Amino acid sequence: MNCKCCSGNMFPVMNNVYRCGNCMVYFRDYKVDLKEYYEKEYRDLADNDSYLSEKDMQFKRNFIDEISPYLEGTSCLDVGCGGGTILDLIDMEEKYGCDLDPRFQKENVIHCDVFDYPEDRTFDNVLAIDVLEHLLDVEGFVKKMYTLTNNRLILNLPVDREIHNRVPFDGHFWYFSPQSIEELFKDFFKLEVYMTKGRKQVSNGPSMICILGKK
C-alpha cells in the first residue's frame, strides 16, 4: 500500500491499520458507507448547536483565538460546520458553511458533501475543523480546497491519540503528522504554521492546528 500523503510505503501495525514509514501518517482501513454514516449515525443532534456545552463553546472560542492572527480578507467558508457556531463567533463580513447533516441547513449553511460545494465563488479563508481525518479521498480534498480558497486554509486535526482498530467505527480514517500534512498539500499549499494543543484546549483530545497558504 502506498501512502496518499507522500507516496511512501505503508506498513501494517495491526489488523487494518497501516503507518507510512516516511511521513508517519496512520491509516485505518475501515469499510463503511460514509454517506449513510455521516447522515444517520455520526450526529444525532438538533437543528443547531444548542447541544453544545459551555466546555465545547470554550473550545471553539479558544480555537478562534488561535487562528485569528492568520485570517485574511473578508470572507470565510467552514466545511463540515455543523450548526455553524464557528461562523457565528468568527469576525468576518461574509460567512458560509456546508455540512452533510440536512438538519444544519440554514441561510448561510448548505446541505452538501464538501466535494459537491459549488465552485461559483472563492473565499479568503477556508476552515476544515476536524474534517480531513474523516475522509478517504484526501487527495481530492486538497484539490477541492485549492479551488475554493483565495488565501488561507486552516485545519484542525487530532494528534497523539490512541491508534486502535476497534469497532464500531469512530469516524477517523487518518491520524496525521505535520510532515504528512506538508507532503499531502505541497503542490497546492505551503504549511506556514502548525500548533499542537493539549487535551481540553481546543477539543477534548490533543489536536494540531495547521495554517496553510495557497501557492
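A.B. asks: Kindly report on the overall build of the protein chain, identifying the contributing residues and their values.
C.D. replies: Looking only at helices and strands, the protein chain features 5 helices and 11 strands. A compact globule built from 215 residues would reach a C-alpha radius of gyration of about 17 Å, and the protein chain, at 17 Å, matches this within 12%. A burial count over the protein chain gives 48% of its 215 residues as buried. Expressed as a percentage of contacts within the protein chain between residues at least 6 apart in sequence, the contacts between residues at least 24 apart total 62%. Per element, the accessible surface of the protein chain, about 10,400 Å² overall, is 45% carbon and sulfur. One way to put it: in the protein chain the 26 positive side-chain charges average out to a point 4 Å from where the 37 negative ones average out.

A.B. asks: How would you summarise the side chain of Lys 144 if you had to cite specific residues and measurements?
C.D. replies: Inspection of the secondary structure puts Lys 144 in helix α4 (residues 138–148). A polar side-chain atom of Lys 144 sits 2.8 Å from a polar atom in the side chain of Glu 119. Excluding its chain neighbours within four sequence positions, the residues that come into contact with Lys 144 are Val 114, Phe 115, Asp 116, Tyr 117 and Glu 119.

A.B. asks: Residues and numbers for the pattern of salt bridges, please.
C.D. replies: Here the structure, examined in full by the defined rule, presents 11 salt bridges. Glu 66 serves as the salt-bridge partner of Lys 197, at 3.0 Å between the closest nitrogen and oxygen. Here Glu 66 lies in helix α2 (residues 54–67) and Lys 197 lies in strand β10 (residues 189–197), a separation of 131 residues in the sequence. Between Asp 101 and Arg 103 there is a salt bridge; the shortest N-O distance is 2.8 Å. You can call Asp 101 buried: its relative accessible area is 1%.

A.B. asks: Describe the nonpolar core, listing the residues and the values that go with them.
C.D. replies: Leu 132, Phe 141, Leu 155, Phe 176, Ile 181 and Phe 185 are the most contacted members of the largest nonpolar core, which has 44 residues in total. Of all the secondary-structure elements, those providing two or more residues to this core are β2 (17–20), β4 (75–79), β7 (123–129), α4, β8 (149–158), α5 (178–185), β10 and β11 (207–214). For this core, the leading source of residues is α4, giving 5 residues. Residues in contact with Leu 132, not counting those within four places in the same chain, are Val 138, Phe 141, Leu 155, Leu 157, Trp 174, Phe 176, Ile 181, Leu 184 and Phe 185.

A.B. asks: Give a description of the pairing of β8 that names residues and reports values.
C.D. replies: With 8 of its 10 residues buried, β8 lies for the most part within the structure. Inspection of the sheet shows β7 paired to β8 by 6 bridges, in the parallel sense. Across the sheet, residue Ile 129 finds its bridge partner in β8, namely Asn 156. The handedness of the β7 to β8 crossover, carried by α4, is right-handed. Pairing between β8 and β11: 7 bridges, direction antiparallel. Following the sheet pairing, Asn 156 is matched in β11 by Ile 209.

A.B. asks: Which residues make up α5, and what values do they have?
C.D. replies: Turning to α5, its buried residues are Ser 180, Ile 181, Leu 184 and Phe 185. Within α5, the buried residues cover an arc of 115° as seen down the axis, which keeps them to one side.

Procedures and definitions
Residues numbered from 1 in each chain as written. Predicted model: local features only at pLDDT ≥ 70, side-chain atom pairs only at ≥ 80, totals over all residues. Heavy atoms only, no water. Helix = DSSP H or I, 4+ residues; strand = E, 2+ residues; numbered from the N terminus. Rg over C-alpha atoms; globule rule 2.2 N^0.38 Å. Buried < 20%, exposed > 50% of the residue type's maximum accessible area, 1.4 Å probe, protein only. Contact = heavy atoms within 4.5 Å. Areas by Shrake-Rupley, 256 points an atom, 1.4 Å probe, with all protein chains shown as cover. Lys, Arg positive; Asp, Glu negative; His and termini not counted. Charge placed at Lys NZ, Arg CZ, Asp CG, Glu CD. Polar contact = N/O pair within 3.5 Å; in protein donor to acceptor, adjacent residues only side chain to side chain. Salt bridge = Lys/Arg side-chain N within 4 Å of Asp/Glu carboxyl O. Core = buried A, V, L, I, M, F, W, Y, C linked by side-chain atoms within 4.5 Å. Pairing = 2+ DSSP bridges. Right-handed = clockwise from strand over helix to strand, strands pointing away. Arc of directions from axis to C-beta.

As far as function goes, none of this settles anything; it's purely spatial.
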